[in-house]
Amino acid sequence: MESLQSSAEEQQYTFYKDNSWSKKQESTYNKPGVGGFVLVHAGAGYHSESKAKEYKHVCKRACQQNHFQAVDQLKAGALAVEAVAAALVALEDSPFTNAGMGSNINLSGEIECDASIMDGKSLQYGAVGAISGFKNPVLVANRLLSEAQKGKLSAGRIPPCINDFFASFLVGRGAHDWAISHGVPPCPSEKMATKFSLSAYKRNKRKMELAEKMDRGHNLTKKRRQSSGNENCSECLDTVGAVVVDLQGNVAAAVSSGGLAMKHPGRVGQAAHYGCGCWAENARNMNPYSTAVSTSGCGEHLIRTMLARECSAAMQSEDAHQALLEAMQNKFISSPFLASEDRVLGGVIVLRCSRCAEPQPSTNVQGSLVEFLWSHTTESMCVGYMSAQDSKAKTHISRLPPGTVPGQSLAIEGGVCRLTSTAD
């Protein structure tokens, strides 16, 4: 039998491009309970004050809703990868997010989703791209991950994978058929559309038709389409994700997205790309920290920089928030792969965990220091977090400071949670 205690001292950090800092002390809590921690996001983009309550509620539900969600899974002794999948299901089920239910509708009037999940213990990864007909695409990605863990198929075949990491990745109709054959329940695309997503699709379609009608030259059409895409990318970056650490110190990460509104059919965004949408890696060899990352933002920017993996690697430095600051500045905003971009738009949530000595007389005491951070270059980012010993989740909408330019400045906020356990 185990008894656990935790304490957390949270701090918020905000970075301005001129290298000045703002630092704000927040609350301290100390509650007994069982171990584990979850951090979720409902996207990096723009969250209006009028919808702030709904977005915060989405994050809160993902952490603590009924006996199937992330913290309840951790309390029951589930592994991190199981808890992170549960958190994503809640985020996908919300009509206010662009993932699963209520996803953006593409040029053909259909819903195609991307999702991926990574287990830090095994380093195995599952992903689906441009998949239709499933309310919870993360469940398909998770099933791919679990099937990859079984090893070779009949007649010596191997699961669909990328190199030695066994990163299972299926797209389109093939992903749909595979999911059906493995018992993942389908959902007709028309039932996944919401009043909001249908209204947005009709509005965007009218704009495109009007622009094409007014156009008198191919080049002007192309420019207008590119402009429309950039505007879309800057305002509606509501990909969802989660990172989790369990009682044993295992980490996992996941991400899910409906992609850009009016995207071309078959487009696969960062949520399905290896190292771009999410990353999770337990401490091993020369790496003292377990790390988990989930991203959101303009997919093309995140893909070209492989931001999830870059941030994970940066977290092996001693100072977590300084490391994330430098990664976001040097590997993202100032990345040579994005030199032609005027505004680089994205956000990350990051969790890192390390075993630490506890000042207790008993030699049976084990401790974990969990540092959790989020950073974004977009106008805002909505997050929620909760340890398994808390009675309710905390939610927050982080915003860039007034007067800063989205895509050129960034914000960083976060905190620390200490989990300790003693064996009776």
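Above this text sits the structure in question.
Residues numbered from 1 in each chain as written. Predicted model: local features only at pLDDT ≥ 70, side-chain atom pairs only at ≥ 80, totals over all residues. Heavy atoms only, no water.

### Regarding the pattern of salt bridges
Should their charged atoms come close, side chains of opposite charge can pair.
Next, step 1: In total, this model carries seven salt bridges according to the counting rule given.
Next, step 2: Residue Arg143 pairs with Glu147 through a salt bridge whose shortest N-O separation is 3.2 Å. A residue pair is termed a helical-turn pair when its members lie 3 or 4 positions apart in one helix, as Arg143 and Glu147 do in helix H4 (residues 137-148) at four residues.
Next, step 3: With relative accessibility at 28%, the residue Arg143 sits in the partly exposed group. (Salt bridge = Lys/Arg side-chain N within 4 Å of Asp/Glu carboxyl O. Helix = DSSP H or I, 4+ residues; strand = E, 2+ residues; numbered from the N terminus. Buried < 20%, exposed > 50% of the residue type's maximum accessible area, 1.4 Å probe, protein only.)

### Observations regarding the nonpolar core
Next, step 1: Among the nonpolar cores identified, the biggest contains 58 residues, and Val38, Val40, Ile117 and Val140 are the most heavily contacted of them.
Next, step 2: It is helix H3 (residues 80-93) that contributes the most residues to this core, 10 residues altogether.
Next, step 3: Filtering out sequence-adjacent residues up to four positions away, Val38 remains in contact with Cys63, Ala70, Val71, Val243, Val244, Gly384, Tyr385 and Met386.
Next, step 4: Membership of the second largest hydrophobic core comes to 52 residues, among which are Ala308, Leu338, Cys353 and Phe372. (Core = buried A, V, L, I, M, F, W, Y, C linked by side-chain atoms within 4.5 Å. Contact = heavy atoms within 4.5 Å.)

### Here we look at the side chain of Asn250
Next, step 1: Within the secondary structure, Asn250 is located in the loop between strand S7 (240-245) and strand S8 (251-257).
Next, step 2: The class of Asn250 is buried, set by a relative accessible area of 8%.
Next, step 3: Of the polar contacts made by the side chain of Asn250, one reaches the side chain of Asn282; its length is 2.9 Å. (Polar contact = N/O pair within 3.5 Å; in protein donor to acceptor, adjacent residues only side chain to side chain.)

### Thoughts on the packing of aromatic side chains
Next, step 1: Evaluated as defined, the whole model comprises seven aromatic pairs.
Next, step 2: The residue whose ring lies beneath Arg352 is Tyr289, and the NZ or CZ to ring-centre distance is 3.7 Å. (Phe/Tyr/Trp six-rings, centres within 6.5 Å; stacked < 30°, edge-to-face > 60°. Lys NZ or Arg CZ within 6 Å of the ring centre and 35° of its normal.)

### As for the state of the cysteines
Next, step 1: Considering all chains together, one arrives at zero disulfides under this definition.
Next, step 2: Not engaged in a disulfide, the cysteine Cys59 finds its nearest cysteine sulfur in Cys382; these two sulfurs lie 3.8 Å apart.
Next, step 3: Look at Cys59 and you get buried, because its relative accessible area is 0%.
Next, step 4: No disulfide involves Cys278; its nearest neighbouring cysteine sulfur is the one of Cys276, lying 9.8 Å away. (Disulfide = S-S within 2.5 Å.)

### Brief notes about the environment of Ala271
Next, step 1: For Ala271, the position within the fold is in the loop between S8 and strand S9 (278-281).
Next, step 2: Residue Ala271 is classed as buried on the basis of its relative accessible area of 1%.
Next, step 3: In this structure, the C-alpha to C-alpha distance between Ala271 and Ser257, residues 14 residues apart in sequence, is 6.2 Å.
Next, step 4: Here Ala271 is in contact with Asp114, Ala115, Ser116, Val255, Ser256, Ser257 and Gly277, once residues within four sequence places are set aside.

### Looking at the side chain of Glu413
Next, step 1: Among the secondary structure elements, Glu413 is positioned in strand S15 (residues 411-423).
Next, step 2: Among the polar contacts listed, one links the side chain of Glu413 to the side chain of His396, at a separation of 2.9 Å.

### Details of H4
Next, step 1: A rise of 1.5 Å per residue sets the reference length of H4, with its 12 residues, at 16 Å; its end C-alpha atoms lie 17 Å apart and thus fit the reference within 8%.
Next, step 2: Among the residues of H4, Pro137, Val138, Val140, Ala141, Leu144, Leu145, Glu147 and Ala148 are the ones counted as buried. (Expected span 1.5 Å × (residues − 1).)

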